[in-house]
Amino acid sequence: MSQAVLEGRCEDAKTIALLASRLDMAEQALRICKPQATKPPLVGATSKKQAGQAVPEPKIISPVTQLKPSSPYPAPSRLTQPTVVAPPSKLTPDQEAFKLAMTAAAQGYNNAQFNVAKMYAEGRGVTQNDAAAVSWYRAAAEQGNLKAQSALGLMYETGRGVTQSYAAAAIWYTKAAEQGYVISQYNLSVMYRDGRGVAQDLAAAVSWTRKAADQGLPNAQYNLGVMYANGQGVAQDLAAAVSWTRKAADQGFPNGQYNLGVMYANGQGVAQDLAAAVSWYRKAAEQGYADAQSNLGAMYANGQGVTQDLAAAVSWYRKAADQGFPNGQYNLGAMYANGRGVAQDLGAAVSWYRKAADQGSSNAQYALGFMYENGQGVTQDLAAAVSWYRKAAEQGLISAQFALGLMYKNGQGVTQDNAAAADWYRKAAEQGDADAQSNLAVMYKLGQGVPQDDAAAVGWLRKAADRDHAIGQYNLGVMYRDGRGVKQNSVEAYKWLSLAAGAGNASATRQRDTLAATMSATQIAEAQRLASEWRKK
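Source: prediction; values computed, not measured.

Cut-offs and rules
- Residues numbered from 1 in each chain as written.
- Predicted model: local features only at pLDDT ≥ 70, side-chain atom pairs only at ≥ 80, totals over all residues.
- Heavy atoms only, no water.
- Core = buried A, V, L, I, M, F, W, Y, C linked by side-chain atoms within 4.5 Å.
- Buried < 20%, exposed > 50% of the residue type's maximum accessible area, 1.4 Å probe, protein only.
- Axes fitted to C-alpha atoms, helices over the stretch in contact; angles between N-to-C directions.
- Helix = DSSP H or I, 4+ residues; strand = E, 2+ residues; numbered from the N terminus.
- Parallel < 35°, antiparallel > 145°, perpendicular 65-115°, else oblique.
- Left-handed = near helix turned anticlockwise from the far one by under 90°.
- Contact = heavy atoms within 4.5 Å.
- Nonpolar A, V, L, I, M, F, W, Y, C, P; charged D, E, K, R; others polar.
- Phe/Tyr/Trp six-rings, centres within 6.5 Å; stacked < 30°, edge-to-face > 60°.
- Lys NZ or Arg CZ within 6 Å of the ring centre and 35° of its normal.
- Expected span 1.5 Å × (residues − 1).
- Salt bridge = Lys/Arg side-chain N within 4 Å of Asp/Glu carboxyl O.
- pLDDT = per-residue confidence, 0-100.

Colleague: Can you explain the nonpolar core? Please cite residues and give values.
Modeller: Core analysis: the largest hydrophobic core is formed by 123 residues, its most contacted members being Tyr281, Tyr353, Tyr366 and Tyr389. Judged by nonpolar contacts, the second largest core, of 33 residues, contains Ala121, Ala140, Ala169 and Ala170.

Colleague: Requested: an account of the packing of helix α16 (residues 362-374) against helix α17 (residues 382-393), with residues and values cited.
Modeller: With their axes 8 Å apart at the nearest point, α16 and α17 run at an angle of 165° to one another. Viewed along their axes, α16 and α17 adopt a mutual orientation that is roughly antiparallel. The way α16 lies across α17 gives a crossing that is left-handed. Along the contact surface, α16 presents Ser362, Gln365, Tyr366, Leu368, Gly369, Phe370, Tyr372 and Glu373, while α17 presents Leu382, Ala384, Ala385, Trp388, Tyr389, Lys391 and Ala392. Grouping the amino acids of the contact of α16 with α17 by side-chain chemistry returns 10 nonpolar, 3 polar and 2 charged.

Colleague: Report on the packing of aromatic side chains, specifying residues and quantitative values.
Modeller: Per the counting criterion, the structure on display carries 9 aromatic pairs. A ring pair is formed by Tyr258 and Tyr289, whose centres lie 5.6 Å apart and whose planes are at 50°; its orientation type is tilted. With a gap of 31 residues between them, Tyr258 in helix α10 (residues 254-266) and Tyr289 in the loop between α11 (274-285) and α12 (290-302) connect regions that are remote in the sequence. Centre to centre, the rings of Trp496 and Trp534 are 5.8 Å apart; their planes meet at 70°, and the pair counts as edge-to-face. Taken as a pair, Trp496 in helix α23 (residues 490-502) and Trp534 in helix α25 (residues 521-535) lie far apart in primary sequence, 38 residues in all. Its relative accessible area of 11% is what places Trp534 among the buried residues. Here a set of aromatic residues connected by ring pairs shows up, and it is made of Tyr258, Tyr281 and Tyr289. Its guanidinium or amino end placed over the ring of Tyr166, Arg196 lies 4.8 Å from that ring's centre, counting from NZ or CZ. In this structure, Lys247 packs its charged tip against the face of Trp244, placed 5.5 Å from the ring centre.

Colleague: I'd like a rundown of helix α6 (residues 182-194), residues and numbers included.
Modeller: Across its 13 residues, α6 extends 19 Å between first and last C-alpha, which sits within 8% of the 18 Å expected from 1.5 Å per residue. Of all 13 residues in α6, 11 are buried, a share of seventy percent or more. Every buried residue of α6 is accounted for by Val182, Ile183, Ser184, Gln185, Tyr186, Asn187, Leu188, Ser189, Val190, Met191 and Arg193. If you follow the buried residues of α6, they end up packed against α4 (146-158), α5 (166-177), α7 (202-214) and α8 (218-230).

Colleague: Tell me about the side chain of Glu492, and name the residues and values.
Modeller: Relative to the elements of secondary structure, Glu492 occurs in helix α23. Leave out the neighbours within four places in its chain, and Glu492 touches Tyr480 and Leu530.

Colleague: Pulling in residues and values, what's your account of the pattern of salt bridges?
Modeller: One pass over the structure, following the stated rule, counts 12 salt bridges. Among the salt bridges present, the one from Glu492 reaches Lys495, with a minimum N-O distance of 3.4 Å. Here Lys495 and Glu492 lie together in helix α23, a separation of 3 residues that amounts to about one turn. Assigned by exposure class, Glu492 and Lys495 land together as buried. If you follow the salt bridges from partner to partner, you end up with Asp94, Lys118, Glu122 and Arg124 in one network.

Colleague: Requested: an account of unusual backbone geometry, with residues and values cited.
Modeller: In this structure, Asp468 is a non-glycine residue whose phi angle is positive, near 65°. For Asp468, a relative accessible area of 48% puts it in the partly exposed group.

Colleague: So, helix α3 (residues 130-141): which residues are in play, and what are the values?
Modeller: With 12 residues, α3 should reach 16 Å at 1.5 Å per residue; the first-to-last C-alpha distance of 16 Å fits that figure. Three or more residues of α3 are buried, namely Asp130, Ala132, Ala133, Val134, Trp136, Tyr137, Ala140 and Ala141.

Colleague: Provide a residue-level description of the confidence of the model for the chain, including the pertinent values.
Modeller: Per-residue pLDDT for the chain has a mean of 87; in total, 83% of the residues score no lower than 70. Predicted confidence for residues 1-86 stays below pLDDT 50, and this span has 258 contacts to residues more than four positions away or in other chains.

Colleague: Help me get a handle on the environment of Pro254, residues and values and all.
Modeller: Examined against the element boundaries, Pro254 turns out to sit in helix α10. The class for Pro254 is buried, based on a relative accessible area of 9%. Contact partners of Pro254, with chain neighbours within four places excluded, come to Ala284, Gln287 and Tyr289.

Colleague: Run through the packing of helix α22 (residues 470-482) against α23, naming residues and quoting values.
Modeller: Between α22 and α23, the shortest axis-to-axis distance is 8 Å and the interhelical angle comes to 160°. Taken together, the axes of α22 and α23 are roughly antiparallel relative to one another. The element α22 and its partner α23 pack so that their crossing is left-handed. Each of Ala470, Gln473, Tyr474, Leu476, Gly477, Val478, Tyr480 and Arg481 in α22 lies in contact with α23, whose residues at this interface are Glu492, Ala493, Trp496, Leu497, Leu499 and Ala500. By residue class, the composition of the contact of α22 with α23 is 10 nonpolar, 2 polar and 2 charged.

In structure tokens:
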């Protein structure tokens, strides 16, 4: 099975991995990423597309990037008037810890200097001060303190307490990474992968990622799995991708659990196992991972790897939707539109479609255009329908390109324009849409919006016919019968008309039977044999 495309999203600080020294202070934040946009669904062989289908096959998410630290702490306020100083009170535990650490730091102990820096960075036992944190991190880092070198790299990368400098960040990460410090190895791998502060070097990224992964860091194990899956900096190896992804997943890393679910669902690097996919999706979903919640909803909706349960599908879609995840919002809208697992409510469908569409979901934009075109859940507005179709079509969504072509062809919501219709049909046709291929062929046959060209018409009809498109098969049969754009051939004509007739096309049945009266029994038998062989494909 072809490999899914990877796309990214940033996680919040809940996934921060913390490494502590004395005083139980977290050393620094790791950084993670997530996936985005869904694969547009193929449309059926109809002149109107049906809105509200569930988002198709899930995709592997993108490599993680580093978690960014939380928002900068506010600067301490300055007193503008003298105040009465209260009698000294007993120091809090954090204040006492800071006092002790400062005493040792002043004497040059690098661990104490690191602790003082951390307390300044976090505002623990002392007023938060990034510049002071940088100063103390530097003092410890210059004495070879690994945690301080790594933390100083992060301060440079994020521009906290110092002018942002990716190059300086890479230098300090390298110092700690070369001494085996796992967080710096991971952060340096991301710098090489993204070409920040260093020339992009995927092989170097893989090397540093592997060092961190070998130390058991789940972020690195996950990233290494992604790099094997995509063949980034290393030969593509889906089995290795599964192995590294599983190591991260087994540690409870939600990104890894989600990706492992995708690989089981798609049979990538492992035998396809929908039940296992559901299991891994569930683990990530129960940690609040929106991608997994949406995909788990789809598994319940389709009865894949689990007994079909539309109410459960709605529940999981809603969890993802409530987090603002556009796929979840779109799918929840589809459930409301079709009354699946919830009472049909076209107004609610429009509302959820709009939330996803406003975030750029092409599926939702198309669905919202459909609702406006047909006046479902919203007042009919053909101009609005065209607008939403266009947004989705410009993102390459096949169904939207075809729909926009129809709107131009029929002059609905836009000035009638055959050339524009042919252009949008062509975009969808080149992506393999049989409806668009058939309609574009007709425009070539009639010379509408394009120069009249029977040969081009036959070419597009053949593409549609080969996709078992009944109208395309019928029209191709007629072109063979009449010798338009192709050498006249009654056997081929009969074959294609028979195939269209088998799909229920009454006109094809009549034309085939009329043609049969002009053919020999041998010719008819040959045509029937060809049609039978085609059906077996």
